[in-house]
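# Results of the structural survey
Residues per chain are reported as follows:
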Amino acid sequence: MERPDAPYCESPAIRTLSIYDEVGDSADSTCEIGYSHLELLPRMLSAREPVLLSVVVERTSGLMNRDYAKQILEGSQQAVARLISWLEDEDERAYPFMEELYPHTGKAYILGITGSPGAGKSTLTDKLIRNIRKSGLTVGIVAVDPSSPFTGGALLGDRIRMSEHSTDPDVYIRSMATRGFLGGMAKATCDVVKVLDAFGKDVIIIETVGVGQDEVDVVGLADTTCVVLVPGLGDVIQSMKAGIMEIADLYVVNKADREGADQLNMEVSARIEQDTHIKMSGWTPTVHKTVAVDNVGIKELWEAILKHKDFLESSGRLVEKRRNQTYQETLRMIHNEMFRLIRDQLQENGRLDRLVEEILERRRDPYSTMREILDEWQFFTPKQKEAS
Amino acid sequence: MAKKIKIIVAKPGLDGHDRGAKLLARIFAEEGMEVVYTGLRQTPEMIVAAAEQEDADVVGLSSLSGVHNYFFPKVVELLKSKGLNDVLVVGGGIIPIEDYDFLQKSGVKAIFGPGTPTMDIVSFIKSNVRAR
């Protein structure tokens with residue numbers, strides 16, 4: 001007696017209704033019913049009553065009963081996709097699965113691609129994927145684009161450049177919107193990287209939003225960070241500034257067939273030279289000229305990335321780097337969750353609105369309000385301890 | 001964090017007219033959706049792979065070259081074969097009214113022709129999208 005396959009069904013709906021007759025053979029009445037037909041169920045059942053022995057109803061309320069962690073480890077793209085959505089939504093259903101997946105992370109090599117809007121990050125990523133795939137490695141891509149601060153919506157366009165790889169089962173591309181998170185990535189980007197890592201991708205590329213000078217969070221997540229520059233965006237002083245110019249393990253001068261590419265190359269090299277006088281570091285960043293649309297310089301870039309990877313591994317820096325990242329990440333996760341708890345509690349009973357009104361009317365100030373709220377939580381914690 | 005509707009806007013086939021698709025992509029974003037624009041010349045396989053990886057709630061197909069009767073049902077069929085039965089598929093573009101019935105029977109939930117008020121499309125999507 002075979003039960004019908006119940007592949008993924010993502011809405012709260014009854015997926016399949018299997019009706020078996022008395023000898024246990026599946027009657028020819030296996031049917032699919034959608035959510036909207038739910039009200040018909042009693043009628044359908046009663047019509048069948050004479051031969052009805054058992055009714056197997058597969059309930060797939062949004063995959064809720066499924067073991068995502070197990071399915072991700074077994075290679076289910078859809079389980080990956082849904083878990084990522086939950087992580088983006090800060091949906092609590094995601095966390096138990098993340099706990100299960102965590103021991104399976106730490107194997108992927110994480111590459112950050114950052115640079116100004118239009119520098120060619122997506123095109124470069126596309127061509128890098130091609131090179132990485134040639135060496136037989138699998139790739140996960142997290143491509144971040146900005147959310148509108150006004151509507152919360154987003155136009156995610158990075159996939160356009162990566163069409164070539166969209167049906168390659170060993171390439172998983174996920175677009176993400178920043179959802180108000182600053183720093184060049186989305187809040188859940190680090191979680192998404194972990195999911196793809198556990199999913200078994202060998203290399204994970206994080207493509208940041210088009211950044212300005214100061215959105216450098218990617219460096220806290222990537223093993224190797226490439227900063228993509230293009231000619232024509234400023235003079236030598238720009239290349240001397242802090243921020244984005246400091247985080248590169250490799251500089252990419254993209255659109256190198258354009259005027260000013262050599263000049264930019266020189267300026268960046270000069271900065272790197274200055275850096276060697278200022279700070280001790282075992283790694284001297286390299287500069288690479290590429291024309292990503294024409295696939296020029298990409299092979300060399302990938303080889304340079306691998307060189308940096310070798311350096312990190314042989315010098316012990318990779319371990320050190322990941323220790324720092326884990327330290328920061330642990331703190332950040334605690335911070336985020338505490339913030340979320342306090343925010344939700346304040347919003348739930350409308351207290352935040354009342355506080356805001358009082359602050360606006362100058363009947364209270366935000367500083368003492370902040371302290372007052374924190375005091376409540378500090379008071380709460382030891383009390384809970386006593387109780388346990 | 002409020003849940004966002006994730007929608008793929010795709011142009012199947014060799015059709016190069018993307019002005020409408022781009023405008024709609026922007027309108028959906030203005031409505032607070034997260035829009036993945038896949039660009040031109042997509043095969044049904046590419047569109048469905050994108051929908052699967054992006055966990056898309058909606059796939060919006062645009063065709064102005066007369067290939068809708070092949071491509072639209074093909075996308076629905078591929079989605080179904082992957083078990084993605086609850087992804088809302090809608091279409092638009094230059095589609096003769098006599099084809100509407102066939103397309104809707106093949107699982108395209110709504111067809112929006114030229115002149116459809118954009119808010120009608122938005123509200124159709126919002127009221128028919130799955131929960132996740």
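Everything quoted here is computed from the prediction, not taken from an experiment. (Residues numbered from 1 in each chain as written. Chains lettered and ligands numbered in written order. Predicted model: local features only at pLDDT ≥ 70, side-chain atom pairs only at ≥ 80, totals over all residues.)

### Some words on the environment of A:His288
Residues and elements named next belong to chain A. Rules: Every helix listed is a DSSP run of H or I at least four residues long, and every strand listed is a run of E at least two residues long, numbered separately from the N terminus. Comment: burial labels come from other C-beta atoms within 10 Å of the residue's own C-beta, placed from the backbone, where a count of 20 or more is buried, 12 or fewer is exposed, and between is partly exposed. Once C-beta atoms have been placed from the backbone, residue pairs whose C-beta atoms lie within 7 Å are recorded as contacts.
Inspection of the secondary structure puts His 288 in strand E11 (residues 286–289). A residue is classified by how many C-beta atoms lie within 10 Å of it, and His 288, with 22 of them, is buried. A sequence separation of 126 residues divides His 288 from Met 162, and the C-alpha atoms of the two residues are 22 Å apart. In contact with His 288, other than residues within four places in its own chain, are Leu 250, Tyr 251, Val 252, Val 253, Gly 297, Glu 300, Leu 301 and Ala 304.

### Focus: the nonpolar core
What counts is decided by this rule: For our purposes the nonpolar core covers buried Ala, Val, Leu, Ile, Met, Phe, Trp, Tyr and Cys residues that link as a set through C-beta atoms within 7 Å.
Counting residues in hydrophobic clusters, the biggest one holds 120 residues, and the most contacted among them are A:Leu83, A:Ile206, B:Val35 and B:Val59. A per-element tally of this core places helix H3 (residues 77–88) of chain A first, with 7 residues. Beyond its immediate sequence surroundings of up to four residues, B:Val59 is in contact with B:Ile8, B:Ala10, B:Ile47, B:Ala51, B:Val75, B:Val87 and B:Val89.

### Let's talk about the sheet that holds strand E6 (residues 154–156) of chain A
Threshold: Pairs of strands are assigned from DSSP output, requiring at least two bridges between the strands. A fitted line through C-alpha atoms serves as each axis, taken over the contacting stretch for helices, and the angle formed by two N-to-C directions is quoted from 0 to 180°.
On the basis of which strands lie adjacent, the open sheet formed by 6 strands has the order E6(A)-E2(B)-E1(B)-E3(B)-E4(B)-E5(B) and parallel pairing. On the outer flanks of this sheet lie E6 of chain A together with strand E5 (110–112) of chain B, each paired with one strand and no other. On average, each strand axis in the sheet is inclined to that of its neighbour by 25°, with strand direction left out of account. Across 4 bridges, the pairing between strand E1 (residues 6–12) of chain B and strand E3 (residues 58–63) of chain B is parallel. From the neighbouring strand, B:Ala10 faces E3(B), where its bridge partner is B:Leu61. Against the sheet, helix H5 (residues 118–128) of chain B engages E3, strand E4 (88–93) and E5 of chain B, with an angle of about 170° to E4(B).

### Overview of the environment of A:Thr105
Residue and element names in this part refer to chain A. As for its placement among the helices and strands, Thr 105 is situated in the loop between helix H4 (94–101) and strand E4 (109–115). Overall, Thr 105 belongs to the partly exposed group, with 15 C-beta atoms counted inside 10 Å. Through-space distance from the C-alpha of Thr 105 to that of Lys 194 is 6.0 Å; in sequence the pair is 89 residues apart. Those residues in contact with Thr 105, other than ones at most four positions away along the chain, are Lys 194, Asp 197 and Ala 198.

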